[in-house]
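# Coordinate inspection notes
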Amino acid sequence: MALARAARSLDPDAPEPAFLLCCLLLARQDPAANALLGTLAAFGDFAPGWEELGHALLTQQPAAGRIAFGRAATAYAAMESYTPSAVLAYRLGMVLRQARQLPAARDAMQRATTRDPSASHAWFTLGLICQDLRDDPGATRAFRAALAARPDFHEAAFNLGVACQEGGDLNAALDAYALAWRLRPDAFGRIAQALVSPGIGRLWLHPSALRRELAARA
């Protein structure tokens, strides 16, 4: 905290110390954060600072956190227009998702995957955004692409299972869950819990039966 205050004092026109100090004050629930917040508008184009501020605000002041993410999105979008890159498109998609601007977040993340098809994290986040939008086919395609880019991506395999299950394809869901289980055997309980659904059309009366089913597909 002392170093952040010193950096802010030495260079009051620099955005990094101002955002850092504000985030630290918020973490301590220090009332001084509110006064500092009002000065940050001078750094409207500093996207990373607004993004970090959004995370710092989100648990304490959700509405203010979404505003910060919205400002980060605006700043990232301006940067992207000058420097088209997968990284900037990904960051834009992330902050738009946090701001709950989901269609725009999906568009940004699709740009990220187009610019770098090997970016498994971008494909995975695109899948999550599609799930937020109740777009099960889109989520399924994105999670499959994440696994193609990174075959050991457990979370992508698990979420692929969820997307397939939500889309009504239990067979494909079980294949995905089997892969998730093979990649991380301690995830069995999580998989079993995901499969407890009145609409799936199958019921395993004992965990050993589900283990056998997954093992046959792994």
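One structure accompanies this document, and this report is about it. The model shown is predicted, which means the values in this text are computed figures rather than measured ones.

Definitions and limits used
Residues numbered from 1 in each chain as written. Predicted model: local features only at pLDDT ≥ 70, side-chain atom pairs only at ≥ 80, totals over all residues. Heavy atoms only, no water. Helix = DSSP H or I, 4+ residues; strand = E, 2+ residues; numbered from the N terminus. Rg over C-alpha atoms; globule rule 2.2 N^0.38 Å. Contact = heavy atoms within 4.5 Å. Areas by Shrake-Rupley, 256 points an atom, 1.4 Å probe, with all protein chains shown as cover. Lys, Arg positive; Asp, Glu negative; His and termini not counted. Charge placed at Lys NZ, Arg CZ, Asp CG, Glu CD. Axes fitted to C-alpha atoms, helices over the stretch in contact; angles between N-to-C directions. Parallel < 35°, antiparallel > 145°, perpendicular 65-115°, else oblique. Left-handed = near helix turned anticlockwise from the far one by under 90°. Nonpolar A, V, L, I, M, F, W, Y, C, P; charged D, E, K, R; others polar. Expected span 1.5 Å × (residues − 1). Buried < 20%, exposed > 50% of the residue type's maximum accessible area, 1.4 Å probe, protein only. Arc of directions from axis to C-beta. Core = buried A, V, L, I, M, F, W, Y, C linked by side-chain atoms within 4.5 Å.

## Remarks on the overall build of the protein
Helix and strand content of the protein: 13 helices and 0 strands. Listing the helices and strands of the protein from first to last along the sequence gives α-α-α-α-α-α-α-α-α-α-α-α-α. Taken against the 2.2 N^0.38 rule, which gives 17 Å for 218 residues, the C-alpha radius of gyration of the protein at 21 Å runs more than 25% over that of a compact globule. Its C-alpha atoms give the protein principal-axis dimensions of roughly 65 × 35 × 25 Å. Contacts in the protein between residues at least 24 apart in sequence constitute 48% of all its contacts with a sequence separation of at least 6. Carbon and sulfur atoms form 56% of the exposed surface of the protein, whose accessible area is close to 11,200 Å². Looking at the protein, you have 22 positive and 20 negative side-chain charges, and the mean spots of the two groups are 5 Å apart.

## A few points about the environment of C23
In this fold, C23 is placed in helix α2 (residues 15-27). Taking C-alpha positions, C23 is 7.5 Å from E52, a pair spaced 29 residues apart along the chain.

## With respect to the packing of helix α10 (residues 154-166) against helix α11 (residues 170-183)
Where α10 contacts α11, the axes come no closer than 8 Å and their chain directions differ by 160°. For the element pair α10 / α11, the angle class is roughly antiparallel. Regarding α10 and α11, the two cross each other, and that crossing is left-handed. For the pair α10 and α11, the contacting residues are H154, A157, F158, L160, G161, V162, C164 and Q165 in the first and A172, A173, A176, Y177, L179, A180 and L183 in the second. Among the residues forming the contact of α10 with α11, the class breakdown is 12 nonpolar, 3 polar and no charged.

## Re helix α7 (residues 102-115)
If you check α7, its first and last C-alpha atoms are 20 Å apart, about what 14 residues at 1.5 Å a residue would give, namely 20 Å. Among the residues of α7, L102, A105, A108, M109, A112 and T113 are the ones counted as buried. What you see down the axis of α7 is that its buried residues fit within an arc of 140°, all on one side. At its buried positions, α7 is contacted by α6 (86-98) and α8 (120-132).

## Examining the nonpolar core
Grouped together as the largest cluster of nonpolar side chains are 70 residues, with contacts concentrated most on L40, L53, I191 and L214. If you tally residues by element for this core, the top one is α11, at 9 residues. Setting aside residues up to four positions removed in sequence, L40 forms contacts with A18, F19, C22, W50 and L53.

## Topic: α8
Along an α-helix, a turn takes 3.6 residues, which lines up residues three or four apart on a common side. In a regular helix each residue adds 1.5 Å, so 13 residues correspond to 18 Å; α8 covers 18 Å between its end C-alpha atoms and thus fits that length. Buried residues dominate α8, accounting for 11 of its 13 residues. The complete set of buried residues in α8 reads S120, A122, W123, F124, T125, L126, G127, L128, I129, C130 and Q131. Turning to α8, the residues buried within the fold contact α6, α7, α9 (136-149) and α10. Looking one or two residues beyond α8, the residue adopting positive phi is R134, at roughly 60°.

Nothing here speaks to function; it is all geometry.
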